[in-house]
Every structure is written in structure tokens, then in C-alpha cells.
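Here are the chains, one letter per residue:
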Amino acid sequence: MKIERFIENPLITPADVKPLHEGYEVIGAFNGGVAEYNGEVLLLLRVAERPISEDPNIIKAPVYDTGTKQMKIVEFDYNDPDYDFEDPRMIRKKDKLDSFIYLTSLSYIRIARSKDGHHFMIDDDAFLYPFNEYQSYGIEDARCTKIDDTYYINFSSVSPVGVCDSLVSTKDFKNYQDLGNIFAPENKDVLIFPEKINDNYYALHRPSLKSIGNYDIWIASSPDLVSWGNHKHLLGIRKTEWDSGRIGGGLVPVKTKAGWLVIYHGATSEHRYCMGAVLLDLNDPTKVIARSQKPIMEPEAEYEKNGFFGDVVFGCGGIVDEDRLTMYYGVADTSMAGCTLSISEIIQQAKEG
Ligand code: MAN
């Protein structure tokens, strides 16, 4: 696969973003959803801010009270035998390592704008800041689907009751309408298709299963983008491949003559994130036509391998210009990068299996 990474990469780093909170530092500007609006490329950045800790033995967890609009900080002693701090993203109880009790940063969505797709200016304020009790640990990983003249933005809402997927709509990237939680916990990586198929909207989603089953991709349909049903299992992990640990939707599906092209992420249980491709039937996206055996992109560049959480490429959106796909993707849970790929080459690789 021929991938042309932008020479300007990484395009946006935490150093380019001023924290919104006093006493906090920006540790991530990554996993941005993508929109084209008014002749500009918009990246709906996930900005992660962390309370600065002067003492390396103290870990601070930020929690936003959406009722009082106050930020609270919960402090932990690094040497506390009851807690595990090995994963820098979260605080876990030693006797329950498969889940977290706090995150070490709070994310929200801030817009970066560009006329040429390579150089970005970042808004001074947040576009989506936690606005209800499902978001007290933050808002993460937005995807943006344009349908007619409306942009639908879905994202993970994180709070002690779980990670769910929420939806807002906007026409101007200033104001938005809250459309509620569209998938109950734990669910992430929702991709809404850009048009109705046989009178229904479709979305991919990724329930995170605990008692039986894997972190696989499901598909659902909806008459109105708000109520989703008709759930079907679409795509599973592959035990011996690069996508053996978990998979989840990446870029908003792209309509091609060969089918709906879905670029998804797959990770090993060691959390090495790559991107792969799958083709779904144009008239019935519950049918998988082809799936790439190998990843179409792996973390290779220095900025993809090293960072807050290394070995991660995580695309949430792209821009299509005939055969060229410009993918904007998060790297190492830290920064944003860009690259171009050929759509026909991706399809070819998916078809070869
Ligand atoms: C995972 C990672 C983190 C994220 C949490 C909560 O651990 O994707 O970046 O903050 O889930 O969604």
C-alpha cells in the first residue's frame, strides 16, 4: 500500500493547543473527526487536559461536575497498593484491572481549521464541552457525517456509569443540537453512513463485551438517526492477526462503485493500533464483501510509535477527492497527522484478502 504521509506531520501537537483550564496541561490533541465546511477542512480534535502534578508520587484525576460546572480533582498516591497506574490513561483498582475508575485526563472537542488541509489554526474555545452527567470524565473521539446540509457528530461520552455514544447536529460548527445518547454503554466507535440505504439510516458500532463475545463491530439501522435497532454482528476480531484484540469503526464510510468502503482500526491485546479496510454491499451494508488480510496502515513513523500511548494510528475521518483519500488520524494518543492513499488500491487490497 502506497501511503504518502504529509511532510508537515505531525500536523497538530499538544504544544499547539492552549489549555482551557488553569493549572492544567494539554497532553493530547488527537483522534479528530473530519468535516469540510465553508471551503475549509475542520478537525474536531479530541483535546485532553491533565492537572499538572508537581509531585511525581501524586496522580490527579479530573472530574467535571456538569451540574455545578466545577472541575474537581481526585488525588492518588502512586505507591497506594490498592491501585494500578501502569496504563497512563487511567487509574484502576488492582483487583479489577479490566476496567478503570478514573481517567488521568479530561477530553473535550475543539476545532482546528485549515484552508489548505496542511496548516491548521485552533479555536480558542471548546466546541463540545461536557454538557450532561454522562460526560463527567469527558468527550472523546468524534466522527462527523454530513447528511444534506446538516453535520451529525457522534462521540464517546465517558462517566462512572459507562462509556456511551452520543449525537449532536450542527449546521455552523458554532451551535449544536443535542440528540441524546444513541448507543448505551459500553459502546464506542460509531460510524453513521452519509445517506439512507433502502429508506433507513445505518451505523456501525462497537459494543465492548464483558461476559462472552469479543470487541467486534456490529451494524444497526434507524428511521431517524436517533432510535437504533435491527442490530447485527458484522465483523469479528481475528485471533492470529493484527486485529486480534479489538476492532472498531474508523473513518465515516465512503461510497464507492465497489461498495461501502469502511476503514476500521484493529488492535492487538498489547494495544498496537493499525488501520484495515472492509467493503460492504452498497444496497445491504450488513453484507461483508471483502476484508483486507493485512493492515492498510501500521504505526511506522516516529510520531506514530512514540508518544503518550505509543504504537497507535487511529483515523476518525477523511476527505475524498476522486481516487484520493486524505486521511487525518491520531498518532500515539498525542497528536494529529495526515496522509493520502489511493481508494482503488485500498479496495484492491481488501479484495485480495
Ligand atoms: C480507553 C482509551 C482511552 C479512553 C478510555 C475511555 O481506555 O481509549 O483513551 O479515555 O478508553 O473511553
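The structure we're discussing is the one just above.
Below you will find a few notes about this structure. Just so you know, these numbers come straight off a predicted model, no measurement behind them. Residue numbers restart at each chain and count upward from 1, following the sequence in its written direction. Note on the predicted model: pLDDT of at least 70 is required for a residue's local features to be given, and 80 or more for side-chain atom pairs to be given and counted; whole-chain, interface and lining totals, by contrast, use all residues. The basis for the side-chain values is all heavy atoms of the structure; hydrogens and waters are excluded.

### Notes on the layout of surface pockets
Piece 1. Cavities and pockets were defined on a 1 Å grid built from protein atoms only: a cavity is a group of points that admits a 1.4 Å probe but offers it no way out, a pocket is an open group of points flanked by protein on both sides within 12 Å along at least five of seven lines, and a lining residue is one with an atom within 4 Å of any such point. Grid points are joined across faces, edges and corners, and a volume is the space filled by probe spheres set on the points. Of the voids in this model, the largest pocket is the one considered here, and its volume is about 1,000 Å³.
Piece 2. Taken together, 44 residues line the largest pocket, and the ones lying closest to its centre are Arg-89, Met-90, Phe-100, Glu-186 and Lys-188.
Piece 3. When contributions to the lining of the largest pocket are tallied by element, the ones reaching two or more residues are β2 (24–37), β3 (40–51), β7 (90–93), β11 (138–147), β12 (150–159), β13 (162–170) and β15 (187–192).
Piece 4. Polarity classes work like this: nonpolar for Ala, Val, Leu, Ile, Met, Phe, Trp, Tyr, Cys and Pro, charged for Asp, Glu, Lys and Arg, and polar for all others, with Gly in that last group. Looking at the lining of the largest pocket, its residues break down into 20 nonpolar, nine polar and 15 charged.
Piece 5. When its volume is computed, the second largest pocket comes out at roughly 400 Å³. Secondary structure elements follow DSSP: runs of H or I no shorter than four residues count as helices, runs of E no shorter than two count as strands, and numbering proceeds from the N terminus.

### Notes on the state of the cysteines
Piece 1. What counts as a disulfide here is a pair of cysteine sulfur atoms lying within 2.5 Å. On inspection of all chains with the given rule, the structure shows zero disulfides.
Piece 2. Sulfur of Cys-144: no disulfide; nearest cysteine sulfur belongs to Cys-316 and is 11 Å away.
Piece 3. Relative accessibility decides the category of a residue: with a 1.4 Å probe and only protein chains considered, values under 20% of the type maximum give buried, values over 50% give exposed, and everything between is partly exposed. Among the residues examined, Cys-144 registers a relative accessible area of 7% and is labelled buried.
Piece 4. With no disulfide of its own, Cys-164 lies closest to Cys-316 among cysteine sulfurs, the gap being 17 Å.
Piece 5. Assessed through its relative accessible area of 3%, Cys-164 is described here as buried.

### Remarks on a negative patch on the surface
Piece 1. By definition, no residue in a patch forms a salt bridge, and every one has over 30% relative accessible area; like charges are joined within 9 Å, nonpolar side chains (Val, Leu, Ile, Met, Phe, Trp, Tyr) within 5 Å. Note on areas: Shrake-Rupley with a 1.4 Å probe; residue coverage comes only from the protein chains shown. Put simply, a salt bridge is a Lys or Arg side-chain nitrogen that is within 4 Å of an Asp or Glu carboxyl oxygen. Positive: Lys, Arg. Negative: Asp, Glu. His and the chain ends are not part of the count. Charge positions are represented by NZ for Lys, CZ for Arg, CG for Asp and CD for Glu. A grouping of Glu-54, Asp-55, Glu-75 and Asp-77 is seen on the molecular surface, where their side chains present a negatively charged patch.
Piece 2. Following the sequence through the fold, Asp-77 ends up in strand β5 (residues 70–77).

### Remarks on unusual backbone geometry
Excluding glycine, residues mostly carry a negative phi; peptide bonds, for their part, are mostly trans.
Piece 1. The amide bond that connects Asn-9 to the next residue, Pro-10, takes the cis arrangement and shows omega of -10°.
Piece 2. Of note, the bond from Pro-185 into Glu-186 is cis; its omega dihedral lies within 30 degrees of zero at -20°.
Piece 3. Within the fold, Glu-186 resides in the loop between β14 (177–183) and β15.

### Some thoughts on the environment of Tyr-176
Piece 1. Mapped onto the fold, Tyr-176 is located in the loop between β13 and β14.
Piece 2. Taking the C-alpha atoms as reference points, Tyr-176 and Tyr-152, separated by 24 residues in sequence, lie 9.4 Å from one another.
Piece 3. Contacts are assigned to residue pairs that have any heavy atoms within 4.5 Å of one another. Apart from the residues within four sequence positions on either side, Tyr-176 is in contact with Phe-127, Leu-128, Phe-131, Val-168, Ser-169 and Thr-170.

### Side note on helix α2 (residues 343–352)
Piece 1. Considered for burial, the residues of α2 that qualify are Ile-343, Ile-346, Ile-347, Gln-349 and Ala-350. Buried positions in α2, seen along its axis, are confined to an arc of 160° and lie on one side of it. Seen from the open side of α2, the exposed residues pointing more than 90 degrees away from its buried face are Lys-351 and Glu-352.
Piece 2. Immediately downstream of α2, the backbone of Gly-353 shows phi near 75°, a positive value. By arc we mean the arc of the directions from the helix axis to the C-beta atoms, nothing more.

### Overview of the site of the ligand
Piece 1. When at least one non-hydrogen atom of a residue lies within 4 Å of a molecule or strand, that residue is treated as near it. Every residue close to the ligand is listed here: Arg-46, Arg-89, Met-90, Phe-100, Leu-103, Glu-140, Val-158 and Lys-188.
Piece 2. Think of a polar contact as two N or O atoms within 3.5 Å of one another; within protein, one of them needs to be a possible hydrogen donor and the other a possible acceptor, and neighboring residues in sequence only count if both atoms come from side chains. One of the side-chain nitrogen or oxygen atoms of Arg-46 is found 3.1 Å away from an oxygen atom of the ligand.
Piece 3. Here an oxygen atom of the ligand and a side-chain polar atom of Glu-140 are 2.6 Å apart.
Piece 4. Against a free-state accessible area of 310 Å², the protein chains account for coverage of 86% of the ligand.
Piece 5. Taken atom by atom, the bulk of the ligand overlaps the largest pocket.
Piece 6. Classifying every residue of the shell around the ligand gives four nonpolar, no polar and four charged. Molecule-in-pocket calls rest on the fraction of atoms, with more than half required to lie within 2 Å of the cavity or pocket grid points.

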